[in-house]
Amino acid sequence: MTLEELTSKIDKKEQQISKLTAKLNRLLSKDNLESCLSKYDVSSVDELVIKFNIPKERFDNVVYPEYRKWLSYDIRRAQSDLADAKATLAKYEKKLNELTTKSSSTKIKVIEEFLLNWKRDVTN
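Residues numbered from 1 in each chain as written. Predicted model: local features only at pLDDT ≥ 70, side-chain atom pairs only at ≥ 80, totals over all residues. Heavy atoms only, no water.

Draft legend 1. Summary view of the overall build of the protein chain. The number of helices and strands found in the protein chain is 5 helices and 0 strands. Going from the N terminus to the C terminus, the protein chain shows its helices and strands as α-α-α-α-α. Here the C-alpha atoms of the protein chain give a radius of gyration of 27 Å, more than 25% beyond the 14 Å that 2.2 N^0.38 yields for 124 residues. Taken over the C-alpha atoms alone, the protein chain extends approximately 85 × 25 × 15 Å along its principal axes. Counting over 124 residues, the protein chain shows a buried share of 20%. Taking the contacts inside the protein chain whose residues are at least 6 apart along the sequence as the reference set, 67% of them involve residues at least 24 apart. By element, 54% of the accessible surface of the protein chain is carried by carbon and sulfur atoms, the whole surface being about 9,600 Å². Of the charged side chains in the protein chain, 24 are positive and 20 negative; the average position of the first set lies 5 Å away from that of the second. (Helix = DSSP H or I, 4+ residues; strand = E, 2+ residues; numbered from the N terminus. Rg over C-alpha atoms; globule rule 2.2 N^0.38 Å. Buried < 20%, exposed > 50% of the residue type's maximum accessible area, 1.4 Å probe, protein only. Contact = heavy atoms within 4.5 Å. Areas by Shrake-Rupley, 256 points an atom, 1.4 Å probe, with all protein chains shown as cover. Lys, Arg positive; Asp, Glu negative; His and termini not counted. Charge placed at Lys NZ, Arg CZ, Asp CG, Glu CD.)

Draft legend 2. Region of interest: the pattern of salt bridges. All chains considered together, the criterion is met by 5 salt bridges. The shortest N-O distance in the salt bridge between Lys56 and Asp60 comes to 3.3 Å. Linking Lys56 with Asp60, this pair stays in helix α4 (residues 56–104), spanning 4 residues, or about one helical turn. The class for Lys56 is partly exposed, based on a relative accessible area of 38%. (Salt bridge = Lys/Arg side-chain N within 4 Å of Asp/Glu carboxyl O.)

Draft legend 3. Structural detail: the packing of aromatic side chains. Tallying each qualifying case throughout the model produces 4 aromatic pairs. Judged by centre distance (6.1 Å) and plane angle (25°), the rings of Phe59 and Tyr64 are stacked. Residue classification places Phe59 among the buried residues on the basis of a relative accessible area of 1%. (Phe/Tyr/Trp six-rings, centres within 6.5 Å; stacked < 30°, edge-to-face > 60°.)

Draft legend 4. Highlighting the environment of Ile75. Assignment of secondary structure puts Ile75 in helix α4. Not counting the four nearest positions on each side in its chain, Ile75 is found in contact with Leu24, Leu27 and Leu28.

Draft legend 5. Seen up close, the side chain of Lys13. Within the fold, Lys13 resides in helix α1 (residues 3–29). The buried charged residue Lys13 lacks any salt bridge partner; its closest oppositely charged side chain belongs to Asp84, at an N-O distance of 8.9 Å.

Draft legend 6. Fine view of a positive patch on the surface. Together, Lys9, Lys12, Lys91, Lys95, Lys102 and Lys107 make up a region of like positive charge exposed at the surface. Counting residues per element, the ones that place at least two in the positive patch are α1 and α4. If you tally residues by element for the positive patch, the top one is α4, at 3 residues. Mapped onto the elements, Lys9 comes out in helix α1. (Patch = residues over 30% accessible without salt bridge, like charges linked within 9 Å, V, L, I, M, F, W, Y side chains within 5 Å.)

In structure tokens, the structure reads:
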């Protein structure tokens, strides 16, 4: 992998991380009663009870806990994706560091040519 390809991959991964962070923040901000009510296009629990003809206890014991359960799945998935992306970015940065260290080391031209010729001869 060349230095330019690696730099490009790092840039793309950083963009992905920023998008995943925004998604996670958006999901975390939805973990409240108001967001649950807005999902059903109502402004209060009483309005929801009337609109869907359900008892208030059902909302308290079933609807809202289910909403939070499914939201927690989405949050955990976003956190997992973010952790994976950060791990991949760290791997790319480590490889970039190795490439820059390797390219900055001094090479002796005669030895370099000998090794390349030897490699070619062995392959043949």
